[in-house]
Amino acid sequence: GAVKEVMDEEIHSLIWKTTFHWITFFESLDAVSTSGTVTADKDDVQLTTGAVSGNSANIVKTPAWQGLITFSQKSYWRTNVSVGTITALTEYLVVGSLSSGSYYGFKIVNDALQGVSYDGTTESTVALRTIAAGNSYNLEARFLPRNKIVFYVDGDERGTISQNLPSPADTPNVNFFEFKITTNSAATKTMQVSFFEYLQSRNVLR
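Residues numbered from 1 in each chain as written. Predicted model: local features only at pLDDT ≥ 70, side-chain atom pairs only at ≥ 80, totals over all residues. Heavy atoms only, no water.

### Observations concerning the environment of phenylalanine 25
Heads up, the condition is: Only DSSP runs of H or I reaching four residues or more are called helices, and only runs of E reaching two or more are called strands; each is numbered from the N terminus.
Its location among the elements puts phenylalanine 25 in the loop between strand E1 (19–24) and strand E2 (33–35). Between the C-alpha atoms of phenylalanine 25 and aspartate 170, which are 145 residues apart in sequence, the distance is 29 Å.

Structure, rendered in structure tokens:
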């Protein structure tokens, strides 16, 4: 019993010191910033554009002073997304910031689902699969600093990016994640996201 208790404490201590883990099912929008029409209910969060070409809606998580989130460490994240239509739209689901700094994750252009990476200057994409309106897709991205990003769709590995990776600066990121949908026609477009989960190495051994 004593040995098991010590081992259990050591396991928990190791996980606590060396990882950062967070998950949300978008129970509330109180802890995020939004623009455009963004609503949450018991099932998901929905982003809806206006009916004007170039109009957008987004959701951003910006936890200040946390000192945890960084591209200098290995990180994995996943989500589930459903798109209302697959014409004349652009979508991003990324860890990081679309407006400043670096990011990686997923980009959807019409019916083309892509893996995406941005180093602050240049964006790289890789084709993952064709999607259908109304279907939902489990998306997962695994980031290995200075090496590559591996992308999964519904549990299957679909692509890899090895260039234009997010900058591995030790400075923590204020922007945690950002989801955005933009319509490229005079019609409203919608995106539904049911959850967001993130796991990152911390490299803290004390």
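### Looking at the packing of aromatic side chains
Aromatic ring pairs: the centre-centre distance and the angle between the two ring planes describe each pair. Filter applied, for reference: Two rings from Phe, Tyr or Trp (for Trp, the six-membered ring) form a pair when their centres sit within 6.5 Å of each other. Planes less than 30 degrees apart are called stacked, planes more than 60 degrees apart edge-to-face, and all others tilted. When a residue's accessible area, from a 1.4 Å probe over protein chains only, is under 20% of the maximum for its type it is buried; when over 50% it is exposed; and in between it is partly exposed. Only lysine NZ and arginine CZ atoms are considered, and such an atom sits over a ring when it is within 6 Å of the ring centre and within 35 degrees of the ring normal.
In this structure the tally under the stated criterion is 24 aromatic pairs. Geometrically, the ring pair formed by phenylalanine 71 and tyrosine 104 is edge-to-face, given 6.1 Å between the ring centres and 65 degrees between the ring planes. Highlighted residues: phenylalanine 71 in the loop between strand E5 (56–61) and strand E6 (75–83) and tyrosine 104 in strand E8 (residues 103–109), separated in sequence by 33 residues. Neither residue differs from the other here; phenylalanine 71 and tyrosine 104 are each classed as buried. Ring centres of tryptophan 77 and phenylalanine 106 lie 5.8 Å apart, and the angle between their planes is 75 degrees; on these two criteria the pair is classed as edge-to-face. With tryptophan 77 in strand E6 and phenylalanine 106 in strand E8, the pair connects residues that are 29 residues apart, well separated along the chain. Judged by relative accessible area, which is 0%, phenylalanine 106 ranks as buried. Through successive ring pairs, a cluster of aromatic residues spans Phe20, Trp22, Phe26, Trp77, Phe106, Phe151, Phe176, Phe177, Phe179, Phe196 and Tyr198. Residue placement shows arginine 142 over the ring face of tyrosine 152; its charged tip is 4.2 Å from the ring centre.

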